[in-house]
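Listed below are the residues making up each chain.
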Amino acid sequence: MACRNLVPTRKGVRCRVPLQKLHPLYRAIHHRYYGNTNSQRPPHHTSARYFTSMSRLPMRPPKPHPGSGVRSYQQKRHFWVARLATRLLKLRYILLGSAVGGGYTAKKTYDEWKDMLPDFSEYNWVIPDFVWELSEQIDLDKLAKALPEMEEVAKLLPDFEKIGENFTFIKSLLSSGVSLGSEVKGASGLLLLLETSGEAPLKATDASSAASQNDSQYKKGLLGELILIQQQIQRHEEEVRRAAAVNYVHPPPPEPAPSPPPNPSPTHHIHKSSDKEKLDQLQEDLLRTQLKYQRMLERLEKENKELRKVVLQKDDKGIHQRKVKKSLIDLYSEVLDILSDYDANYNTQDHLPRVVVVGDQSAGKTSVLEMIAQARIFPRGSGEMMTRSPVKVTLSEGPHHVALFKDSGREFDLTKEEDLAALRHEIELRMRKSVKEGQTVSCETISLSVKGPGIQRMVLVDLPGVISTVTTGMASDTKETIFSISKAYMQNPNAIILCIQDGSVDAERSIVTDLVSQMDPHGKRTIFVLTKVDLAEKNLASPSRIQQIVEGKLFPMKALGYFAVVTGKGSSGESIDSIKDYEEDFFQNSRLLRDGMLKAHQVTTKNLSLAVSDCFWKMVRESVEQQADVFKASRFNLETEWKNNYPRLRELDRNELYEKAKNEILDEVISLSQVTPQHWEAILQKKLWERVSTHVIENIYLPAAQTMDSGTFNTTIDIKLKQWTDKQLPHKALEVAWETLQEEFARFMAEYKGKDQDDIFDKLKEAVKDESIKRHKWNERAMDSLRVIQHNALEDRSITDKPQWDAAIQFMEQTLQSRLKDTEAVIKDMVGPDWKERWMNWKNRTPDQHVRNETKAELERLLKLHDEHTAYLANDEVTTVRKNLEGRAVEVDPVLIKDTWHQLYRRHFLQKALSHCNLCKRGFYYYQRHFVDSELECNDVVLFWRIQRMLVITANTLRQQLTNTEVRRLEKNVKEVLDDFGEDMERKSQLITGRRVQLAEDLKKVREIQEKLEAFIEALHKEK
């Protein structure tokens, strides 16, 4: 209590440490400075020691007073000062000690963590050396000075404050419940983009009250100005309607006819004129405000277009630094391209959305499509049918205005007139190429993509114009073909029908409206477009007829929306910009818009393109997932069928099968070059002798053998061989060589077929073989050289050794025996079976055979009497034979006698020649002596040696031509045929057929379509 009383509480110093814990420290200090410990010390001194021990000051013993009586008083007097200083300094030292202790602890913890980390200096080799060198060489200060200032960069950016104000204003409108659709209703095509379903339009009073409340917000930004102007338009329209209603309810009283009209009072006249002037003034103000509103809209759209173009160009600069990502509309267009190439007979129908443009011929379909695409891209003709096949146009946004075909990499710059002319020419060529001979139109689709800034994304299909009469030069079924093509596209339940009606002709002459009504009777997917409204306004006596058309009251056809457009003055040289200006000027000055017959959102092709694009994407989002499920189910069914029917075969489509067959055929052709020369020469020699042996025996050897001496024999042989070589032999040799090449080619293909070849290739290989042989022509220069070689070979008579002589005798003997065997078979057929065959096989001779048998017996007796008889019977000999047969009651014709004699003499001659051949086997010695002093002459053996040598040399020559030239030319022809067949899809479909092929084709197409659709759906969800 004494210590606490010494330090008052108002000083702000408190002791936070209990005094009991300070007792050991106090005792240490006390025993240090006081050697004698007095246990009987006053109590307050002990308390003071306890308390002052926290000061940690050096405690010096007090100096002894000269008088011992005042010692305790000095200690008491100095004790309260030290105690006060201790109280004041205690908190500072506590904080200082805590800071020092905490810092030491933190440093110790940091050192422990640092020791736990690995030494990263060992991994400096991972970083390349050029990085360290680059960091040393780059001057960062110089680089920082070269960068542009932030103020200069900010100047290049768009005004984000203005854009932010516009978005803030739109957000405030949406949060306050204001319907943007009602704000712009009746003034532009933005109605289709801004209004939401289920929101009722605001009344005029609501709009005016909203304007008074949010007037300060509306004046911020261009969008606020537009909405203010729109509210002014609504107020003006309301005042005009109110003034017109007042005039209608209170009409002026009718004036009596008999008496002259009294002078109306000045007040009444002034009131009437003032109402009329007020009505006119209100209409002028309304029109003026609408024009101002339209101009501001155009300026806003132009700024937006320029901004998007800049953004797209910036994005286009980095196209080579990253992988190109296809746009949403391009993905969808690829799916439609695959479906257009797909077999129409497939049970899964194409129900994907697209915009189908239909109309009467020369109704302006192509012009409307060009206005939407913002380029004159189609060929034009005055009254002539120009659209001869469907043209699919994919419209998308891009930095440059270009067009390109699906199967071509060339880009047409639509800002250049020469590229536009080339594009129109290319489209016309493709249309004419797609039309088959004898037809006028084609169902083959031409795919074209058009990109450019500000173009609405959609897919349109321009169809041939519907006609009512087939004119001269057209096919008789042109009208029905156009109807069938149009119905095929319009019967798609998800297709948007853009019905084009010519406004310059009578509506009753239209054919397309009835066709569209049949396809879409409720008008849920039809948009009606009235073209050439400028001519319609000029020609029609009653403009209200146009109002009836665009309101859907004149035709029984129903539609989602009705539009009126102007597509130029009819000149093919007009540009898109001039047509746009003409269209805007016409509608600004047209009484149709001024009198309220047409609404502002129903006119111009710009509003039409906005509406069509909006309907297109709405239909796509509603139907694309359902179509993807349909193709998924079809894929499952096809895969199940393949697994059950062809479990061990790969799913190869027609193109893959063709490539496999092509490789097999080329391997077979290459194998021809591996045939050995001995094989070629043996085959050629055998086939050539089979071809010419009859001519040699019948026309050369037999006539020469009828001579009596060797000189005449050799002379006859030389003459006949020379004639044969000059005229027939080279041609026969080349025919044999060409046939041999064909047979070997076919043999290799047949041998390859046995090695697990697929039977599905048989028809293709046969067609390739036939076409290659048909195209192959032997080198004509080879015939001249072959003739010289054969002539030289036949002129040589020098047999150098005995083996050659023996080979010639063997060749002669084999030939004669073969001929003798054939002759005996002919004679046997002539005379019928002999007695043994008749007895054993119960066969009888026919009457003709009986006559020939009797003739044969009579002629054989003649040959026995005249062994050296010539080859021909004399007339008296024929008469003698006939009379001898008549004596035996056998009537015979002289022709039959001669025919029988020819075969009998041929057998007789061959038998004699064989016997002579046996004699000549030992005649080589006499041949070397030129048969001098010898009765044996073997000139016929020399003839056969010459023939045999000619065959060997000819076979060798033909083999060289085959292996060096003709096999390679055949291989080249086969490659050309295969390439031609590969490009001809129709021919390929005829040669590679079957359920297996069709199933693989369907599987490939369905998988591709499903994958494309899934990629498109994923991109569509990301865009949402």
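See the structure printed just above.
Residues numbered from 1 in each chain as written. Predicted model: local features only at pLDDT ≥ 70, side-chain atom pairs only at ≥ 80, totals over all residues. Heavy atoms only, no water.

Visitor: Explanation requested: the state of the cysteines in the structure shown.
Guide: What is meant by a disulfide is a covalent connection between two cysteines, made through their sulfur atoms. Scanning all chains against the criterion turns up one disulfide. With its sulfur 2.0 Å from that of its partner, C920 forms a disulfide with C938. The chirality of the disulfide connecting C920 with C938 is left-handed, given an S-S dihedral of about -100 degrees. Here C938 lies in the loop between α36 (924-928) and α37 (939-983) and C920 lies in the loop between α35 (894-919) and α36, a separation of 18 residues in the sequence. (Disulfide = S-S within 2.5 Å. Helix = DSSP H or I, 4+ residues; strand = E, 2+ residues; numbered from the N terminus.)

Visitor: Explanation requested: the sheet that holds strand β8 (residues 526-531) in the structure shown.
Guide: Pairing within the open sheet is mixed, and its nine strands lie in the order β4-β3-β5-β2-β6-β1-β7-β8-β9. Either end of the sheet is taken by a strand with one partner, and the two such strands are β4 (412-413) and β9 (561-564). Strand direction decides the pairing type here: strand β1 (residues 355-359) and strand β6 (residues 458-462), joined by three bridges, are parallel. Following the sheet pairing, V356 is matched in β6 by V461. In the packing of helix α16 (residues 365-373) onto the sheet, contacts are made with β1, β2 (391-397), β5 (446-452), β6, β7 (496-502) and β8, and the angle to β6 comes to roughly 160 degrees. (Pairing = 2+ DSSP bridges. Contact = heavy atoms within 4.5 Å. Axes fitted to C-alpha atoms, helices over the stretch in contact; angles between N-to-C directions.)

Visitor: I tried to follow the packing of helix α25 (residues 654-671) against helix α29 (residues 762-775) on my own but got confused; where do I start?
Guide: When two helices pack together, their arrangement is captured by the angle between the axes and the distance separating the axes. Contact pair α25 / α29: the axes reach a minimum separation of 11 Å and the direction vectors enclose 50 degrees. Here α29 runs oblique to α25, going by the angle between their axes. Seen along the crossing, α25 lies across α29 with a hand that is right-handed. Each of Y658, A661, E664, I665 and E668 in α25 lies in contact with α29, whose residues at this interface are L764, K765 and V768. (Parallel < 35°, antiparallel > 145°, perpendicular 65-115°, else oblique. Left-handed = near helix turned anticlockwise from the far one by under 90°.)

Visitor: Would you mind going over a nonpolar patch on the surface with me for this structure?
Guide: Where nonpolar side chains cluster on the molecular surface, the patch consists of W835, W839 and M840 and spans about 500 Å² of accessible area. Its location among the elements puts W839 in helix α32 (residues 835-841). (Patch = residues over 30% accessible without salt bridge, like charges linked within 9 Å, V, L, I, M, F, W, Y side chains within 5 Å. Areas by Shrake-Rupley, 256 points an atom, 1.4 Å probe, with all protein chains shown as cover. Salt bridge = Lys/Arg side-chain N within 4 Å of Asp/Glu carboxyl O.)

Visitor: Can you walk me through the nonpolar core in this structure?
Guide: One broad trend across soluble globular proteins is that nonpolar side chains are buried collectively. In this structure, Y701, W724, W805, I947 and V974 are the most contacted members of the largest nonpolar core, which totals 101 residues. The element that contributes the greatest number of residues to this core is α37, accounting for 17 residues. Among the nonpolar cores identified, the runner-up in size contains 59 residues, and L352, I372, M431 and L1013 belong to it. (Core = buried A, V, L, I, M, F, W, Y, C linked by side-chain atoms within 4.5 Å. Buried < 20%, exposed > 50% of the residue type's maximum accessible area, 1.4 Å probe, protein only.)

Visitor: Help me out: how do you make sense of the pairing of β2 in this one?
Guide: Looking along a regular strand, one sees side chains alternate from face to face of the sheet. Across the seven residues that make up β2, a large majority, six, are buried. Pairing of β2 with β5, which is carried by seven bridges, proceeds in the parallel orientation. Residue pairing for β5: L395 is matched across the bridge by V450. Examined bridge by bridge, β2 and β6 share five bridges and lie antiparallel to one another. Bridged to T394 within β6 is V459.

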